[in-house]
Amino acid sequence: MCDTCGCNLTPGNQHLAFKPVARGTTAVSVLKGLLAKNDDQAGHNRAHFDRRGILAINLMSSPGSGKTALLEATLTALKNELTCAVIEGDLETENDAERIRAKGVQAYQIVTGTACHLDAHLVHDALHHMTLDGIDLLFIENVGNLVCPASFDLGQHLNVTLLSVTEGDDKPAKYPVMFRAADAMLLTKTDLLAVLDDFDPDKAEAHLRKLANPAPVMRLSARKDLGMDAWLTWLRDQLAAQRARVAIGQSRRPAIQGDGMKYHSVTA
Amino acid sequence: MHELAVAQALVEQVDAVIGQHQASCATAIRVRIGPLAGVVPELLATAFPLAAAGSRMEHAALEFTHAPIQVRCQTCGAETEAAMNRLLCGACGDWHTRIISGDELLLESVELEMDTPHSLPLTPHPQNV
């Protein structure tokens, strides 16, 4: 559905846009996305990435589901193959950026203070503190939160949502806005499944499908190096798809946008 | 919690509309929010007066249009209503559906109070002289 050109206006809703008003006032139909300014900035960020052939991935999850541990293991595995960079988002501390830098990888920490999510402007400011030339993969680790980050486009190409097996397998049903936005869902800490008999990975996947989301579901443990190959292969495939898009002047918006779905056939 | 950020974006957009139409202020603002947009209308209504304080819309009424969730089935083609965490086809039950309504976050319309013309010179009323 188009939020910008006015084609949302149908015989069914136009009375809302053009309702009669009192004398001296005038009603103006706008029909523009409320977050248009953020979306413009996100598009600008995406153009930065596309110009350099970078694939940008937004990692979202609850706090403590293993985003940084996943990054540490991923960066180690890809060390001799791809050049990565990381933007970290947290309310406080440089701790996560320091963990990434310890792997020899460029990292910039966004400290949001009290803000519960990253937005496109914060990411743009971070990009100005980074060297983007030669980067293949940029990971943006969002603030740990299953609610707010889902509503803000950062300029990324893909959303990856983590669900650790220490949480409930019904999280996709409880947080549909977040999980609907996922281009891939990772079930993390699967080494703990042996002692957590109340998390059913198949149920978690079924809840994701009930959101009409065709995203691949990968089961892994970053700490115990289980199932990492499928994730790394997916990353390589997505980078190849991004380079193929860039070569023909196309880009891709994440599933978070309503019309992002139209690009799914390119990468599915 | 992010509704304050959304309210600030709303104020910026409405302010731009006021400027474009050379109006003096906005008296009503209508927003269309679908349940899948991830924005709670009640929280946005709470955040709006904070974001709008001192602006040209601080006395504007914020109104909401509810956008029901509707999906179109890619398998059988039916268009049906769906629940937020169950976006399945209401006709055949398949999950291969696409949202056709319910994820909007739109500034739908704004009611503006136009500037009163200042072309007439301000002269004191005879009775007050």
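Not measured: the values here are computed from a predicted model.

Engineer: Looking at this structure, how should I read the pairing of strand β2 (residues 61-66) of chain B?
Structural biologist: Two faces make up the sheet, and in a regular strand the side chains alternate between them. Residues and elements named next belong to chain B. Where strand β1 (residues 23-33) lies against β2, six bridges are found, and the strand directions are parallel. Opposite Ile33, over in β2, you have His66 as the bridge partner. The parallel pair β1 and β2, bridged by helix α2 (residues 41-52), forms a crossover whose chirality is right-handed.

Engineer: For this particular structure, what's the right way to read the interface of chain A and chain B?
Structural biologist: Quoted interface sizes are often the accessible area lost when the parts come together. Residue-level contacts link 38 residues of chain A with 42 residues of chain B. By residue number, the principal contributor to the side of chain A that touches chain B is strand β1 (residues 25-33) of chain A, which donates nine residues. Partitioning the side of chain A that touches chain B into residue classes produces 21 nonpolar, 10 polar and seven charged. Pairing of β1 of chain A with strand β6 (residues 105-114) of chain B, which is carried by seven bridges, proceeds in the antiparallel orientation. Residue Ser29 of chain A lies in a different strand from β6 of chain B, and its bridge partner there is Ser109 of chain B.

Engineer: Please clarify how the sheet that holds strand β4 (residues 79-81) of chain B should be interpreted in this entry.
Structural biologist: Two strands in a sheet stick together by hydrogen bonds in their backbones, pointing the same way (parallel) or opposite ways (antiparallel). All names here are of chain B. The antiparallel open sheet is built from three strands, whose spatial order is β4-β3-β5. The open sheet has two edge strands, β4 and β5 (97-101), and neither has a second partner. With strand direction ignored, the average angle separating the axes of adjacent strands in the sheet is 35°. The pairing of strand β3 (residues 70-73) with β5 spans four bridges and is classified as antiparallel. Looking at β5, one finds that Val71 is bridged to Ile99.

Engineer: In this structure, what is going on with the confidence of the model for chain B? I would like to understand it.
Structural biologist: Low pLDDT means the predicted coordinates in that region are not meant to be read closely. All names here are of chain B. Residues at a pLDDT of 70 or more form 88% of chain B, whose mean pLDDT is 89. Confidence drops under pLDDT 50 across residues 118-124; counting only partners more than four residues distant or on other chains, this segment forms one contact. Complex prediction metrics read pTM 0.83 and ipTM 0.75.

Engineer: Mind showing me how you'd approach the pairing of strand β7 (residues 184-188) of chain A here?
Structural biologist: All names here are of chain A. Counting buried positions along β7 yields five of five residues, so the element is predominantly enclosed. In β7, alternate side chains face the same way, and those of Ala184, Leu186 and Thr188 on one face and Met185 and Leu187 on the other are all buried. Alignment of strand β6 (residues 158-164) against β7, held across five bridges, turns out to be parallel. Bridging from a neighbouring strand, Thr161 pairs with Met185 of β7. Bridge count for β7 against strand β8 (residues 217-219) is three bridges, and the pairing is parallel. Note on β8: the bridge partner recorded for Leu187 is Arg219. Note that the unit made of β7, helix α8 (residues 201-209) and β8 has a crossover that is right-handed.

About the cut-offs
- Residues numbered from 1 in each chain as written.
- Chains lettered and ligands numbered in written order.
- Predicted model: local features only at pLDDT ≥ 70, side-chain atom pairs only at ≥ 80, totals over all residues.
- Pairing = 2+ DSSP bridges.
- Helix = DSSP H or I, 4+ residues; strand = E, 2+ residues; numbered from the N terminus.
- Right-handed = clockwise from strand over helix to strand, strands pointing away.
- Contact = placed C-beta atoms within 7 Å.
- Nonpolar A, V, L, I, M, F, W, Y, C, P; charged D, E, K, R; others polar.
- Axes fitted to C-alpha atoms, helices over the stretch in contact; angles between N-to-C directions.
- pLDDT = per-residue confidence, 0-100.
- Buried ≥ 20, exposed ≤ 12 C-beta atoms within 10 Å, placed from the backbone.

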